[in-house]
Amino acid sequence: MWLLKTISLLVFFEPCHLQFPRPCATREALLSKECCPLWDGDGSACGASSGRGFCQDVEVPDQPDGPQYPFSGLDDREKWPLVFYNRTCRCAGNFMGFSCADCKFGYAGANCNERRESVRRNIFHLSRAERIRFVSYLNLAKQTISRDYVVATGTRREMGNGSDPMFAEVSVYDLFVWMHYYASRSALLGGPGNVWTNVDFAHWAPAFPPWHRVYLLHWEHEIRKLTGDSSFSIPYWDWRDAQACDVCTDDLMGDRNPQDPSFLSPGSVFSSWKVICSRADEYNSRGVLCDAREEGPLRRNPGNHNRNVVGRLPTSAEVEFTLSLTDYDTGAMDRSANMSFRNTLEGFGDPQTGLGNSSRMGMHAALHVFMNGSMTSVQGSANDPIFLLHHAFVDSIYEQWLRRHRPSPSQYPESNAPIGHNSDYHMAPFLPLHRNREYFITSKDLGYEYSYLLDANQRLAESMHPYLVVLQDVWPFLLLAGLLGGVVALLLTAAVLTVVRRYKQLPWLHGRKWKSIFALPETQPLIWSKDNVESSQPNYQTTM
């Protein structure tokens, strides 16, 4: 039933919000530098006639960035999104989206005034039907070309400052692969090999947890739109103390290929997937952007990685140490930060000492290295669907830290963080715009929760969920079996009574001979004599 619903919804697919929206990828929009599409509900820009939002100038912060990126005016992500657009929709109330057509995270309804709460659950607590549905949704997103978004294949300068648009179509899933690539790619300074690698707008600095939080929320929202399943939530993989890739099975994320362990098993739907934006060194040597073309099959070989970089998957003790760190970020707020929760969570701080620039990767980074394939590339890691399960759990650790330490907004750095990471910086490459500080808040304010962070009674109910689902599916059969069993028992009882009544008058059944045959000799009395009680043998009373 859900599959038919999904197929029918593809015909009436609704727009949502990411970059680059098709209405803003035209020559006219790029030259005017305005991205204020019409809202279909009333035909006005940003739904202004209905009070949903207004087309306004983009305001960017002027706080100084850290020294890690010593250039200005060379990268399209600087002061995002001004290189492409200086006017966008600013939505009112609980409305959100590049045309204010959608609701803020945690809200639903025609007027976006209904609170919606969802629970992200352990993938091993999903029922078999839910696992199948999750894998099917992933594959549907991979096979469905986005009808509303395209990705940039050239810089603004290569586009002739907008007169010659350079965009490509991608699938719904690959749209997010490209976004992760675009945020983490090297800066192109002009010409082959002329790049700056020490820059990342989503990693290595304070925005790492908030940026990926927004990324997952948008991905979740997009899948709900694509499938019509408003109850969908990304499951997480709790990898604490894992000895191997527990989710690497053909019914989940894909087992090893028996002929070549660096590829996926042909029994997995993901074995047919092709990756994009996975050749960072090639792009850098040519001085170009990823063009979103297919680049070969998905690769993974968990556990056969460089043991000098990652010894094992993170432990519960290391997660607890990370959570105990009271400072969100410290020092230069990059990979050298000491005793920094963010840096230790990301994997560049030692999860046992908290010291930065660790020679071994820990926490988040450890799992990427452990997967030994597409996940190992920072820019191309989102090609592997395990990325979603992994980052959902990383986000849950971020959520635990927020709840435990209740940081004030001032803990998030306002200035001097690496470029893209100051509190008021707009996250690249998202449209609609999101500031980093807006997601330095609990997930409860964004409409979602993690099952293992629920209270004890709720956690018990959650762990029982897959069994209850199975019971719900089979209870009619159990009821029918019980009724049939009852009927059979009644028939047997009636038959026995009939036989007894019919033959009880037969004289040969009452003879002593037959009684003696079936009588068993009494070898020990059931009631003890006085002599027995006073003996030294234990009985219930003396034992007590």
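Everything numeric in this text was worked out from a predicted model, so none of it was measured.

**Student:** I tried to follow the overall build of the protein chain on my own but got confused; where do I start?
**Tutor:** Each helix and strand counted, the protein chain has 14 helices and 13 strands in total. Each of the 544 residues in the protein chain was classed as buried or not, and the buried ones make up 50%. Partitioning the contacts of the protein chain with sequence separation of at least 6, the portion at a separation of at least 24 is 69%. On the protein chain, roughly 26000 Å² of surface is accessible, and the fraction owed to carbon and sulfur atoms is 56%.

**Student:** For this particular structure, what's the right way to read the packing of aromatic side chains?
**Tutor:** Aromatic ring pairs are reported here in terms of the distance separating the ring centres and the angle at which the planes meet. Taken as a whole and judged by the stated rule, the model has 37 aromatic pairs. With a centroid separation of 5.1 Å and an interplanar angle of 65°, the aromatic rings of Phe20 and Phe167 are classed as edge-to-face. One end of the pair, Phe20, is in the loop between helix H1 (2–11) and helix H2 (27–32); the other, Phe167, is in strand E10 (residues 167–168), and 147 residues separate them in sequence. With respect to class, Phe20 is no different from Phe167; both count as buried. For the pair Tyr236 and Tyr452, a centre-to-centre distance of 5.5 Å together with 50° between the ring planes defines the contact as tilted. Of this pair, Tyr236 sits in the loop between helix H5 (208–227) and helix H6 (280–286) while Tyr452 sits in the loop between strand E13 (448–450) and helix H11 (456–503); the two residues are 216 residues apart in sequence, bridging distant segments of the chain. In this structure, Tyr236 and Tyr452 share a single accessibility class: buried.

**Student:** Is there a simple way to think about the pairing of strand E3 (residues 87–91) in this case?
**Tutor:** As a general feature of sheets, a regular strand has side chains that alternate between the two faces. Relative to E3, strand E1 (residues 34–35) runs parallel, the two sharing two bridges. The partner of Cys35 across the bridge, within E3, is Thr88. Sheet topology places strand E2 (residues 53–57) next to E3; five bridges connect them, and they run antiparallel. Bridging from a neighbouring strand, Asp57 pairs with Arg87 of E3.

**Student:** Just to check I follow, could you spell out the environment of Gly296 for this structure?
**Tutor:** Here Gly296 shows up in the loop between H6 and helix H7 (316–324). Taking the C-alpha atoms as reference points, Gly296 and Ser272, 24 residues apart in sequence, are found 9.5 Å from one another.

**Student:** I'm lost on unusual backbone geometry in this one. Help?
**Tutor:** Note: most peptide bonds trans; most residues except glycine with negative phi. Cis geometry is adopted by the peptide bond preceding Pro429, which originates at Ala428 and carries an omega value of 5°. Counting through the fold element by element, Pro429 comes out in the loop between helix H10 (386–405) and E13. Cis rather than trans, the peptide bond between Leu431 and Pro432 has omega equal to 10°. Inspection of the secondary structure puts Pro432 in the loop between H10 and E13. The backbone of Met333 sits at a positive phi, close to 60°, despite the residue not being glycine.

Reading the values: the criteria
- For every chain, the first residue of the written sequence is number 1, and numbering continues from 1 along that sequence.
- A pLDDT threshold of at least 70 governs which residues receive local features in this predicted model, and a stricter bar of 80 or more applies before side-chain atom pairs are shown or counted, although totals over entire chains, interfaces and linings include all residues.
- Side-chain measures were taken over the full set of non-hydrogen atoms in the model, leaving aside hydrogen atoms and water.
- Secondary structure elements are taken from DSSP: a helix is a run of H or I of four residues or more, a strand is a run of E of two residues or more, and numbering for both begins at the N terminus.
- Burial classification: accessible surface area is computed with a 1.4 Å probe over protein chains only, and a residue below 20% of its type maximum counts as buried, one above 50% as exposed, and the rest as partly exposed.
- Note on contacts: a residue pair is in contact if any heavy atoms of the two residues lie within 4.5 Å.
- The Shrake-Rupley method, run with a 1.4 Å probe, gives the accessible areas here. Residue values count only the displayed protein chains as cover.
- We call Phe, Tyr and Trp rings a pair once their centres come within 6.5 Å, taking the six-membered ring for Trp, and we label the pair stacked below 30 degrees between planes, edge-to-face above 60, and tilted otherwise.
- Should DSSP find at least two bridges between two strands, the strands are taken to pair.

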